[in-house]
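Residue strings, one per chain:
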Amino acid sequence: MSPRNKLLRSDREPSACLAVREVLNRIGDKWSVQIVALLGDGSMRFNELRRSIEGISQRMLTLTLRGLERDGLVTRTVFPEIPPRVEYELTKLGDTLLEPIQELAEWAAEYRPAIQAAREKFDSSSAKRR
């Protein structure tokens, strides 16, 4: 394994592997990246987020926001109004996640055709092996 990949080797630095796994568990779920990306444009209310993310349930949005808040990526502000207004926004730590997310999105867009071609090749060869 090359030196640049040593952070992923659990036998060299177990805490580094654990850190990568914990972060990927948070941002690798179905909704967190979308929420972080949306909040990158500024604070949003709960229902604004829900309307902006196709297919997310109220419960899943609540759970994901709580997880992001627990990890210090999002803040929740309750305004003492009637009815109460709650807004979510990225923290400084959350802001640092925007660049890697953007880079990953660009990588995915660039290499999606190659990945799709590889899948088709694999699937056709798998069908022949059966």
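Located above this text is the structure these notes cover.
Rules behind the numbers
Residues numbered from 1 in each chain as written. Predicted model: local features only at pLDDT ≥ 70, side-chain atom pairs only at ≥ 80, totals over all residues. Heavy atoms only, no water. Helix = DSSP H or I, 4+ residues; strand = E, 2+ residues; numbered from the N terminus. Rg over C-alpha atoms; globule rule 2.2 N^0.38 Å. Buried < 20%, exposed > 50% of the residue type's maximum accessible area, 1.4 Å probe, protein only. Contact = heavy atoms within 4.5 Å. Lys, Arg positive; Asp, Glu negative; His and termini not counted. Charge placed at Lys NZ, Arg CZ, Asp CG, Glu CD. Pairing = 2+ DSSP bridges. Axes fitted to C-alpha atoms, helices over the stretch in contact; angles between N-to-C directions. Parallel < 35°, antiparallel > 145°, perpendicular 65-115°, else oblique. Nonpolar A, V, L, I, M, F, W, Y, C, P; charged D, E, K, R; others polar.

A. Highlighting the overall build of the chain. Regarding its fold elements, the chain presents 6 helices and 3 strands. Starting at the N terminus, the α and β elements of the chain follow one another as α-α-β-α-α-β-β-α-α. For the chain, whose C-alpha radius of gyration is 19 Å, the value lies well above the compact-globule estimate of 14 Å for 130 residues. Along the three orthogonal principal directions, the C-alpha set of the chain runs to about 65 × 35 × 25 Å. The buried share of the chain, reckoned over its 130 residues, is 24%. Considering only contacts in the chain between residues 6 or more positions apart, those separated by 24 or more positions represent 42%. Charged side chains of the chain number 22 positive and 19 negative; the gap between the two group centres comes to 8 Å.

B. Just the sheet that holds strand E1 (residues 44-45), in detail. Read from one edge to the other, the open sheet built from 3 strands follows the order E1-E3-E2, with strand pairing classed as antiparallel. Each having just a single partner strand, E1 and strand E2 (74-79) make up the two edges of the open sheet. Two strands pair when backbone bridges link them, and E2 and strand E3 (residues 85-90) are joined in this way by 6 bridges, in the antiparallel orientation. Across the sheet, Phe-79 pairs through a bridge with Arg-85, a residue of E3.

C. A look at unusual backbone geometry. Going from Ile-82 to Pro-83, the amide bond is cis rather than trans, its omega being -10 degrees. Among the structural elements, Pro-83 can be located in the loop between E2 and E3.

D. Spatial organisation of the packing of helix H2 (residues 32-39) against helix H4 (residues 58-70). With their axes 10 Å apart at the nearest point, H2 and H4 run at an angle of 70 degrees to one another. One finds that H2 runs roughly perpendicular with respect to H4. Taking contact as the criterion, the partners of Ser-32, Ile-35 and Val-36 in H2 are, on H4, Leu-61, Thr-64, Leu-65 and Leu-68. Per-class residue counts for the contact of H2 with H4 are 5 nonpolar, 2 polar and no charged.

E. Fine view of the side chain of Thr-91. Of note, Thr-91 is situated in the loop between E3 and helix H5 (92-95). Sequence-distant contacts of Thr-91, that is, excluding residues within four places in its chain, are made with Gly-72, Leu-73, Val-74 and Thr-75.

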